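Spelled out, the chains give:
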Amino acid sequence: MTLPKKMTEFVARYLLERGIVDETVLEQARAEQSHSETLLGELACSREYLRPEDAERIFETQKSSDKPFGEIAVELELLTTVQLDDLLFLQDVRTCHLGEALLAMGAIDDKQFEAALEAFAAEQERSRKSVDSALADHPQQSLLRGIIKALETASSRFMKERVKVLGVCMLESLDDFELQFSFFLRSGDGRSTVCTVLLDNAFAVEIAGHLSGQYDGSCREACLAQCLRFMEIVERYFVESMARQGAEPVQHSVDAALLADRPGLAVPVLSVIMGTPGWPMKLAVVVHEE
């Protein structure tokens, strides 16, 4: 039974919290999982879809991009979408996922594994209902869904694991937030909209650390600069999603500021809890027309 990657950390936390497995067993299972993983470039070369020099070219391009190997290969016309689908299928089939490793080790049985999957499905449904309820009557729900999805996608790319919205609610205080990013959008009919995203310190430090490789949280200005790079990528996903809906802005930009330097943001706003189930991060989102 294959465990989808986005469930991995939830299942690990579920099993740990219930004392079904301990950290030592999980590390053994993760080691088995890691040992079985095959890079997409290696698979492409083994099936003669790519030459080694083509794979190396894609790897080099990937170093300066947030895009995955397969997406870059298709953009460079080195792989077709049919070939990419074939490789992704092979990669998944050949990978021993965490649940499979634990089952093979005898650390859990089928019943315990099924219970973990059912708990994951229930948590996903609670998250979906939380988002739907919070956005149901919002006049800008389309833009809010777009920016939240863009944040999910960009975060997943940089964290190298699936990041999802875990909950949405109304927020009455901005005390936990330090960094503010404003997306300015102008539509074809001249209307201007501002979508503002606030990051709490934990989220900002995590993003800055992934981008710089060494950020320790000691300088807010440095953190702001690193997170602006991240938000410029969020902007790209956001604008692409608007274009797919036939609402691509004719002008768009994003800027950054320390929240203390830009007071007066109206509350209440939406509080969005995002991350993996065992590792939540908090941000706030507000949309208004100028």
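What you are looking at is a predicted structure, and each value in this text was computed from that prediction instead of being measured. (Residues numbered from 1 in each chain as written. Predicted model: local features only at pLDDT ≥ 70, side-chain atom pairs only at ≥ 80, totals over all residues. Heavy atoms only, no water.)

**Student:** What's the story with the pattern of salt bridges in this structure? I'm lost.
**Tutor:** Where charged atoms from two side chains of opposite charge approach closely, those side chains can pair. Counted according to the given criterion, the structure contains 9 salt bridges. Salt-bridge contacts for Arg-51 lead to Asp-54; the nearest nitrogen and oxygen are separated by 3.1 Å. Classification of Asp-54 as buried rests on a relative accessible area of 11%. Counted as one network, the salt bridges with shared partners bring together Arg-51, Glu-53 and Asp-54. (Salt bridge = Lys/Arg side-chain N within 4 Å of Asp/Glu carboxyl O. Buried < 20%, exposed > 50% of the residue type's maximum accessible area, 1.4 Å probe, protein only.)

**Student:** I keep staring at the nonpolar core and nothing clicks. Help me out?
**Tutor:** Among the nonpolar cores identified, the biggest contains 45 residues, and Ile-147, Leu-151, Leu-199, Phe-230, Met-231, Val-234 and Met-274 are the most heavily contacted of them. Of the residues forming this core, the biggest block, 10 residues, is contributed by helix H11 (residues 220–244). With near-sequence residues (within four places) excluded, Ile-147 lies in contact with Phe-183, Cys-195, Val-197, Val-234, Phe-238 and Val-285. Ala-12, Tyr-14, Ala-29 and Leu-102 belong to the second largest nonpolar core, which has 18 residues in total. (Core = buried A, V, L, I, M, F, W, Y, C linked by side-chain atoms within 4.5 Å. Helix = DSSP H or I, 4+ residues; strand = E, 2+ residues; numbered from the N terminus. Contact = heavy atoms within 4.5 Å.)

**Student:** When you look at the environment of Leu-79 in this model, what are you seeing that I'm missing?
**Tutor:** Relative to the assigned elements, Leu-79 resides in the loop between helix H5 (69–75) and helix H6 (81–94). On the basis of relative accessibility, which here comes to 4%, the residue Leu-79 falls in the buried class. Each C-alpha atom of the pair Leu-79 and Asp-54 lies 10.0 Å from the other, and the pair is 25 residues apart in sequence. Aside from chain neighbours lying at most four places away, what touches Leu-79 is Tyr-49, Leu-50, Ala-73, Val-74 and Leu-87.

**Student:** Would you take a moment to explain the packing of aromatic side chains for this structure?
**Tutor:** To describe a pair of aromatic rings, one takes the distance between the centres and the angle between the planes. Per the counting criterion, the structure on display carries 2 aromatic pairs. Geometrically, the ring pair formed by Phe-59 and Phe-69 is tilted, given 5.0 Å between the ring centres and 50 degrees between the ring planes. Placement of Phe-59 in helix H4 (residues 52–62) and of Phe-69 in helix H5 is noted, with a sequence separation of 10 residues between them. When its relative accessible area of 6% is taken as the criterion, Phe-69 is described as buried. On the numbers, 6.2 Å between centres and 90 degrees between planes, the contact of Phe-183 with Phe-238 is edge-to-face. Remark: Phe-238 occurs in helix H11 and Phe-183 occurs in strand E2 (residues 177–186); sequence separation between them is 55 residues. The same class applies to Phe-183 and to Phe-238, which are both buried. (Phe/Tyr/Trp six-rings, centres within 6.5 Å; stacked < 30°, edge-to-face > 60°.)

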